[in-house]
Amino acid sequence: MAILSTPRSAVQLASKGRPLKEHLFRIALMASLAIALVFLALLIVYVVEEGWPRLDSTLWENQPSIRRPETAGIQSGIFGTLWIIGLTALMALPTGILAAIYLEEYADRTKWYNRLLELNISNLAAVPSIVYGILGLGIIARWMAFGFTIMTGAITISLLVLPIVIISAREAIRAVPPSIREGSLALGATQWQTIYRQVLPASIPGIATGSILALSRAIGEAAPFLMLGAATLVRFNPEGVWSSFSVLPLQIYSFISRPQEEFAILAAAAIVVLLAILLLMNSVAIWLRNRYQKRW
Amino acid sequence: MTSGQRRLSAVATAALVVSLAAACGGDAKPGSSESTSSAAASAGSEGGQLSGEIKVDGSSTVAPLTQAAAELFGEEQAQVKIPVGTSGTGGGFEKFCAGETDISNASRPIKDEEKAACEAKGIKFTELTVATDALTVVVPKENDWATCLTTDQLKKMWEPAAEGKVKTWKDVDAKFPAEELKLYGPGTDSGTFDYFTDEINGEEGASRKDYSPSENDNDIVTGVAGAKGGLGYFGFTYFEENADKLKAVEIDSGNGCTAPSVEAAQNGTYTPLARPLFVYVSATAAKRPEVSAFLDYYATNISTIAKDAKYIPLNSEQEAKLKADITTLKSQG
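Residues numbered from 1 in each chain as written. Chains lettered and ligands numbered in written order. Predicted model: local features only at pLDDT ≥ 70, side-chain atom pairs only at ≥ 80, totals over all residues.

The name given to chain B in an unreviewed UniProt entry is Phosphate-binding protein, and the organism recorded there is Planobispora siamensis. Under the UniProt heading Function (unreviewed entry), the note attached to chain B is "Involved in the system for phosphate transport across the cytoplasmic membrane." Turning to chain B, the UniProt annotation filed under Sequence similarities (unreviewed entry) states: "Belongs to the PstS family." (UniProt positions renumbered as here; feature names shortened; annotations may be inferred.)

The name given to chain A in an unreviewed UniProt entry is Phosphate transport system permease protein PstA, with Planobispora siamensis as the source organism. Annotation of chain A in UniProt includes, under Function (unreviewed entry), the sentence "Part of the binding-protein-dependent transport system for phosphate; probably responsible for the translocation of the substrate across the membrane."

Q: Teacher, can you tell me more about the overall build of chain A here?
A: Each helix and strand in chain A was counted, giving 11 helices and zero strands. For chain A, whose C-alpha radius of gyration is 25 Å, the value lies well above the compact-globule estimate of 19 Å for 296 residues. Referenced to the eigenvectors of the C-alpha coordinate spread, the extents of chain A come out at roughly 90 × 55 × 35 Å. Per-residue burial for chain A yields a buried fraction of 41% across its 296 residues. Residue pairs at least 24 apart in sequence account for 75% of intrachain contacts in chain A once pairs closer than 6 positions are excluded. (Helix = DSSP H or I, 4+ residues; strand = E, 2+ residues; numbered from the N terminus. Rg over C-alpha atoms; globule rule 2.2 N^0.38 Å. Buried ≥ 20, exposed ≤ 12 C-beta atoms within 10 Å, placed from the backbone. Contact = placed C-beta atoms within 7 Å.)

Q: Whenever I open this one, the sheet that holds strand β7 (residues 148–150) of chain B confuses me. Can you help?
A: Where strands meet in a sheet, backbone hydrogen bonds hold them as pairs that are either parallel or antiparallel. Residue and element names in this part refer to chain B. The strand order across the open sheet formed by three strands is β7-β12-β13, and the pairing between neighbours is mixed. A single partner strand is all that each edge strand has here, and the edge strands are β7 and β13 (257–258). Note: strand β12 (residues 250–252) against β13, two bridges, orientation antiparallel. By the bridge assignment for β13, Asp 252 is matched with Cys 257. Against the sheet, helix α6 (residues 151–158) makes contact with β7 and β12, and its axis sits at roughly 75° relative to β7, the strand it touches most. (Pairing = 2+ DSSP bridges. Axes fitted to C-alpha atoms, helices over the stretch in contact; angles between N-to-C directions.)

Q: Hey, could you run me through the environment of Leu 124 of chain A in this one?
A: With respect to the helices and strands, the residue Leu 124 of chain A is situated in helix α4 (residues 112–124). For Leu 124 of chain A and Pro 64 of chain A, which are 60 residues apart along the polypeptide, the C-alpha to C-alpha distance reads 35 Å.

Q: Would you mind going over the pairing of strand β14 (residues 274–282) of chain B with me for this structure?
A: The side chains of a regular strand alternate, first on one face of the sheet and then on the other. Residues and elements named next belong to chain B. Counting buried residues in β14 gives eight out of nine residues, a clear majority hidden from the surface. Examined bridge by bridge, strand β4 (residues 103–106) and β14 share four bridges and lie antiparallel to one another. Bridging from a neighbouring strand, Ala 106 pairs with Phe 278 of β14. Strand direction decides the pairing type here: strand β5 (residues 125–134) and β14, joined by nine bridges, are antiparallel.

Q: I tried to follow the pairing of strand β8 (residues 182–186) of chain B on my own but got confused; where do I start?
A: All names here are of chain B. Within β8, four of the five residues are buried, leaving the element largely enclosed by the surrounding structure. Of the strand pairs in this sheet, β8 and strand β10 (residues 230–234) are connected by three bridges, and their pairing is parallel. Paired with Tyr 184 across the strands is Gly 232, a residue of β10. The sheet contact formed by β8 and strand β9 (residues 212–214) spans three bridges and is parallel.

Q: Whenever I open this one, the domain arrangement of chain B confuses me. Can you help?
A: Interface size is often expressed as the accessible area that is lost when the parts come together. Residue and element names in this part refer to chain B. Domain boundaries assigned for chain B yield domain 1 (50–132 + 276–332) and domain 2 (136–259). When each unit is reduced to the centre of its C-alpha atoms, the spacing between domain 1 and domain 2 is 30 Å. Listed per partner, the contact involves 11 residues of domain 1 and nine residues of domain 2. Split by residue class, the side of domain 1 that touches domain 2 holds three nonpolar, six polar and two charged. (Domains from an automatic or database assignment. Nonpolar A, V, L, I, M, F, W, Y, C, P; charged D, E, K, R; others polar.)

Q: Even after reading the chapter, I still don't get the packing of helix α3 (residues 75–106) of chain A against helix α6 (residues 150–174) of chain A, so can you show me in this structure?
A: Residues and elements named next belong to chain A. In contact at an axis separation of 6 Å, α3 and α6 are set at 35° when each is read in the N-to-C sense. Read as a crossing pair, α3 and α6 show a hand that is right-handed. When grouped by side-chain class, the residues that make up the contact of α3 with α6 number 21 nonpolar, five polar and three charged. (Left-handed = near helix turned anticlockwise from the far one by under 90°.)

Q: In this structure, what is going on with unusual backbone geometry? I would like to understand it.
A: A negative phi angle is the norm for most residues apart from glycine, just as the trans form is the norm for most peptide bonds. All names here are of chain B. A cis geometry characterises the amide bond from Thr 271 onward to Pro 272, with omega recorded as -5°. Its location among the elements puts Pro 272 in the loop between α11 (262–266) and β14. A positive phi angle, close to 65°, is found at Lys 310, a residue other than glycine. Assignment of secondary structure puts Lys 310 in the loop between α14 (302–308) and α15 (316–332).

Q: Where do I start with the domain arrangement of chain A in this structure?
A: Residues and elements named next belong to chain A. Here chain A is partitioned into domain 1 (17–54) and domain 2 (58–292). Inter-centroid distance (C-alpha atoms) of domain 1 to domain 2 is 28 Å. The partner domain 2 presents eight residues to the seven residues of domain 1 that form the contact. Its residues assigned to classes, the side of domain 1 that touches domain 2 comprises four nonpolar, one polar and two charged.

Q: What exactly am I supposed to notice about the UniProt feature "domain: ABC transmembrane type-1" (unreviewed entry) in chain A here?
A: UniProt's feature table lists "domain: ABC transmembrane type-1" (unreviewed entry) at residues 78–284 of chain A, given in the numbering used throughout. Taken end to end, residues 78–284 of chain A has its terminal C-alpha atoms 19 Å apart, with 77% of it in helix and 0% in strand.

Q: Which parts of the structure should I look at to understand the UniProt feature "transmembrane region" (unreviewed entry) in chain A?
A: Taking the UniProt record as the reference, the feature "transmembrane region" (unreviewed entry) is found at residues 24–48, 78–103, 124–144, 150–169 and 263–288 of chain A. Secondary structure across residues 124–144 of chain A divides into 76% helix and 0% strand, with the first and last C-alpha atoms of the span separated by 22 Å.

Q: What is the right way to look at the sheet that holds β14 of chain B in this model?
A: Residue and element names in this part refer to chain B. Judged by pairing direction, the sheet is mixed, and its four strands sit side by side in the order β2-β4-β14-β5 without closing on themselves. The sheet is open, and its two edges are formed by β2 (56–58) and β5, each paired on a single side. Between one strand axis and the next, the sheet turns by 25° as a mean value, whatever way the strands run. Here helix α4 (residues 88–96) sits on the sheet and contacts β2, β4 and β14; the angle it forms with β4, its principal contact strand, is near 160°.

The structure is reproduced here in structure tokens:
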């Protein structure tokens, strides 16, 4: 009896205090999740309802128009955004991933300059986007004389997302177990062969997810483009990297400040398109992660 | 793969395919879009197709005019690209005087320091008046006491000395009720703000600071419509589009009350709040055939353009002056 009574009282003790706390904790967790989801759902319902009359093919077939707000489209903005994001991906992803490889695989962390480098990258990730806009205007548009072109916009946005790409790629590379590297090296592979054939393939899901989330952030940026003097009213699609352009967030920004009700509806429809592009990109991220995920 | 995973990856693949298709469309589309076909349709009507790019930036108030002009012009000259930026009057002049734009939209005349910047870069320009706007002072519909305000009463509300002191309508005029005065207006970067403070308070940029500023005039509409003692000011278009919610106050500048209207702004009786809207053209740019053609088009169709952009068209004298100014500008070259 004496032996049995101890565990029983322990169980009773536990059942007195724990369920309540555990419930509270679970409720707190659910509430946090619910806040995020409810607001996202509200936003989506609101913009879809508001933009519903304009969610048809004229939206992406037509160019923006001041004269005919009821049939104005956002084609130039969609193409402008796709050009900027495409070019940004081409520039920021290789640079960011290579930088991450250097920092994780080659850099000697006992050296002061490598630590300074790491500190700076973390700081850069926190710099407000408008500051990158000023940088782009002063250095890329004016000093390098690239003008207000897609190239200027894409370089600026690349600089903006680069720290995020580097940080997420580093995390992904670090998550590859050292045993994989050691095994490869023990079999006679060089360091580069180890990185190229073992480490990189193993970290693709993490790198891809991080990269796409970084690009998704870039797609919604309006502030740097305002600074860079991207035009808000553009009736032609970009024809190359040296073309003038507009992007969706800027068009939305200009539509909502117009007096006519039709532009408010158009803005809502444009927001739906922007959200759809974002969701597409995020689905690709999820797909890549599931496709390549390995567990050790 | 579990069935759940398979379904998920099928969805994701579909998403990827769609996005790739969109991206490929992006590569194929430029150059072969609607602009080319309409160009082919209207080619020959002008005797020759022009091409090139006319960079425009500046006031967001004037942007709809130039944009409407660009849209109409594009129906004849589809190969001429006219991107219109909205950096604000000041931001526009900064780029214009750095030689980065060809045309600058402005809701106020160029300032001396901006002129100096242009001169330093050797940029010669011409000021063109392209339309008129009637700055409209609005109150909510339920306001039954303020039908006409004198410029002095407006000054009493908006001058810097009113800050913290003029809090109710009674403070403005003893005849008004003691309703709380809630002021809404454009932000200090706006050309509208510059013009209003200059005309009402006697000094550009001098205004009380305890009002609700907004860069988006629709916020002023919402604010004024929602407060019984509200008062705000903005361009005539915003009043016209919201005439169901707002009441435009008549303005008395010493010659009796005048309501803001197209006629009053055109014949000059709506003083002092009828303001000209400008377009500044660089003399060097005006020599380029596409810019020259665009300016001709702008001048010839100015009343259609103003109507399409929902602004008040120039009166016949102003229109004649615009055409003369453009002729002079082109003969300079």
